[in-house]
Amino acid sequence: MNIYQDYIKEIADRKDQGLHPKPIDGAELLSAIIAQIKDIDNPNRDDSINFFIYNVLPGTTSAAGVKAKFLKEIILGESVVKEISPAFALEQLSHMKGGPSVEVLLDLALGEDATIAEEAAKVLKTQVFLYEADTERLENAFKLGSAIAKDILESYAKAEFFTKLPDVEEEIEVVTYIAGVGDISTDLLSPGADAHSRSDRELHGQCMFEHNKEMQSELLALKEQHPDKRVMLIAEKGTMGVGSSRMSGVNNVALWTGVPFSKYVPFINYAPVIAGTNGIAPIFLTTVSVTGGIGIDLKNWVKQKDAEGNTIVDEDGEPILKQTYSVDTGTVLTINTKTKKLYKDGVELKDISTALTPPKMEFIKAGGSYAVVFGKKLQTLACKILGIDIPQVYAASKEVSIEGQGLTAVEKIFNKNAVGTTPGKTLHAGSNVRVEVNIVGSQDTTGLMTSQELEMMAATVISPIVDGAYQSGCHTASVWDDKSKANIPRLMSFMNDFGLITGRDPKGKYFPMTDVIHKVLNDITVGDWDIIIGGDSHTRMSKGVAFGADSGTVALALATGEATMPIPESVKVTFKGQMKSYMDFRDVVHATQQQMLKQFGGENVFQGRIIEVHIGTLTADEAFTFTDWTAEMKAKASICISEDDTLIESLEIAKGRIQIMIDKGMDNAKQVLKGLVDKANTRITELKTGIKPSLRPDANAKYHAEVIIDLDEISEPMIADPDVNNEDVSKRYTHDNIRPLSFYGGTKKVDLGFVGSCMVHKGDMKILAQMLKNIEAQHGKVEFKAPLVVAPPTYNIVDELKAEGDWEVLVRYSGFEFDDNAPKGLARTKYENMLYLERPGCNLCMGNQEKAEPGDTVMATSTRLFQGRVVKDSGEKKGESLLSSTPVVVLSTILGRTPTLAEYEAAVDGIVLTKFKPSTKQLVR
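Here's a quick rundown of the structure. (Residues numbered from 1 in each chain as written. Predicted model: local features only at pLDDT ≥ 70, side-chain atom pairs only at ≥ 80, totals over all residues. Heavy atoms only, no water.)

Once that is clear, we can look at the side chain of Thr914. Along the chain, Thr914 turns up in the segment after helix H31 (901-907). Judged by relative accessible area, Thr914 falls into the buried class, the value being 17%. A polar atom in the side chain of Thr914 sits 3.1 Å from the side chain of Glu622. From its side chain, Thr914 meets the backbone nitrogen of Phe916 in a polar contact 3.2 Å long. Leave out the neighbours within four places in its chain, and Thr914 touches Met579, Met583, Asp584, Phe585 and Glu622. (Helix = DSSP H or I, 4+ residues; strand = E, 2+ residues; numbered from the N terminus. Buried < 20%, exposed > 50% of the residue type's maximum accessible area, 1.4 Å probe, protein only. Polar contact = N/O pair within 3.5 Å; in protein donor to acceptor, adjacent residues only side chain to side chain. Contact = heavy atoms within 4.5 Å.)

As a further point, take the environment of Ala395. Mapping Ala395 onto the fold places it in the loop between helix H17 (369-386) and helix H18 (409-417). It is 45 Å that separates the C-alpha atoms of Ala395 and Asp710, two residues lying 315 residues apart in sequence. Residues in contact with Ala395, not counting those within four places in the same chain, are Pro358 and Glu362.

Next up on the list: the packing of aromatic side chains. Taken as a whole and assessed by the stated rule, the structure comprises 23 aromatic pairs. Considering the side-chain rings of Phe494 and Phe498, the 6.1 Å spacing of their centres and the 15° angle between planes classify their relative orientation as stacked. Taken together, the residues Phe494 and Phe498, both in helix H20 (residues 482-498) and 4 residues apart, mark about one turn of the helix. Take Phe494: its relative accessible area is 21%, and that puts it in the partly exposed class. (Phe/Tyr/Trp six-rings, centres within 6.5 Å; stacked < 30°, edge-to-face > 60°.)

Before going further, it helps to spend a moment on the sheet that holds strand S17 (residues 468-471). Taken in spatial order, the 5 strands make up an open sheet running S18-S17-S16-S19-S20, and their pairing is parallel. Where the open sheet ends on each side, the last strands, each with one partner, are strand S18 (501-502) and strand S20 (545-548). (Pairing = 2+ DSSP bridges.)

At Lys97, a position not held by glycine, the phi torsion is positive, near 60°. Relative to the helices and strands, Lys97 is located in the loop between helix H5 (86-94) and helix H6 (100-109). With relative accessibility at 13%, the residue Lys97 sits in the buried group. One non-glycine residue, Ala458, adopts positive backbone phi at about 60°. With respect to the helices, strands and loops of the structure, Ala458 is situated in the loop between helix H19 (444-456) and S17. Its relative accessible area of 5% is what places Ala458 among the buried residues.

Encoded structure:
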């Protein structure tokens, strides 16, 4: 059977699943299709023409290269296809988004046939995805006197590729669909268990609403009833898109409700409309903007106030809400992009100007942010070549500068890394700027989409201004199944060729590493003034400022070395008091959230802002535990302020871990890892000599709010509880419900424990080992009444534990130890009451490969408590994932229930859980 027949068989198999033919990305298949097109008598010719025109992925896919070459032959008359005229061939090229298509268009525009050159130039003027090799060709031709090249460059200088696009509709009618009540996790839109199918957009679209066919049918029925309107997906009484950036979630919403990008490119839609009573989670909102979508903060339920302006609460202390207007499913609303208001039947409901800022309006007009970013770059290059000033076409960058006001830490970082701003101007929060990116991370379940995005934007190599980038294998670490074997090596090969350091070596020279991406990024970030972009919501570092991002923004950062975003406001967090000896630092993390909500009457002042945490004395690993959790606090990002000596210690740790990567053979030809070690050494010298002290905010910086955490108030372990049976469904599955251990009275049954994810570090593994020895000494043996799954986040940690003797302790008490030479091929569905030592990686926290048994109550160190993420519901009981410290998790599995405070104190006796003491220094300049 030949490759075309294999494709036909695949089409038949997909049809049985209700799917259309999979888009073609391979050169071999498309070459076979072209051969059949050229064969006039071929029985498959009509189908082949259809596949060629409507079913080939654009950009730099190998199929796109073959398609562009054949279209060139048609335009030049070297091949004749009656169904594809030269004019139609040029139209096809215009939809192929750069790479081979731009190369062909340049060949034609700079060729000898004047008529063809003129037509090709018209198409080129609409394109924005040009790279250095492309603009160099234009520049060289211009210098040699080419009138066509000059004409094209002048068009680029005017940004006609943008200005000649249709204006955004003044009125956009939408019909509402309530996707859920309360916070909506991105898992609802794109479940983690379906991560393997994300790059197959149509197939992945079937998992929308976690495969709930009833909801999918309701959505389709709504579209049929309102064919002239867009569907607006809503989180009623909650925030839309909590948990992750999840480009695949936005892709799914766009696929079901959005606008087709091109009739010649299947299953790529844009312009989704999404809303929430409490708005959109910050990193998810970025993803919405990437696709030219609209994300609206509805505020259709508001807190009730008494005569003194105090929030009125119910008997449980929860704020009482009142509905100001209804958005029930089927409600028709109008978004006016001119007045920037939301209307119903001509009556104004809400000012939505924050959803329709000038930059966002440009994204909407251009069909997404990529075209705007590349358009600005292309305009700048064209003007430079022509030797002219840049005309003001795009909205001017918003530059907020307040005389006499100091800078927060994030404001300092943005000012250092900003490009294209007014020289000498100091920028404050509210400014919208382009910044250079130092470190970029891609993880394996979104990486395939990132590689697709890179192909779509015709990028072939990482930007030279990026200090380092890493592609992980952590999200598919727990089970090396057929899906992983098919996807991950292909991803690693692509990213390795692109210039990233990869967890797996395509050549097999070093051992496959499945380290958790955030941990690796935390190690390779060696600058406290750095900006980090990563393809995961938990891209939060102990050094610099890190932003979790969608797969497309990651691709953009890799390709251009830049990102565009507003400078967020900051909230300052300081500490007072002293920790009790039996408390874990995880309890400080949870208490921060609890005390913040208490101080501000239930209002989450962290949401959408930078948390500037004045930790001061914690080195990288423990400090990361705090910043990591800030994603659950719904913060945009977080920054750790460190003392100089602490930062030096953290950098020395980072240097050692990067050197281990080098010793394993993970560095590339450009010696990226060596460059990071050199950068760390330079920074250490600056700190030791006082040339450049550690990053500190100014003493007169302005904050949205200041939160003081009283460590004396933390008297017992704290647990984040999903409160799965709360009568008010909007209060379920939030991370805001922080309870003390005593709330459970030592009686709540625990079915499984999990120590792992990015929230733990080497210290947690040592605590586990010491607790097991303590329990054996106290009771004569260690007996688990519930399974305990342990997944160290990195191989470095395992190696260090082996060297120090702790791994031997864990193995002695375990019933399963991972074997890298024979990784699990099937996900575990049943657990015995024993300790499982799993392969480093995300494991249960990701929820895409292994889960707890349905209906279990899980006590975990991880970050995820959303419905269905770690554990699904059973027919009899809701699954629940309670989040706590390592000691609480371990003891809960030994007892099979939550411990009492007395049991907990006995179990951790003699163990140093944390050395955290707030800095006594003023961490300001």
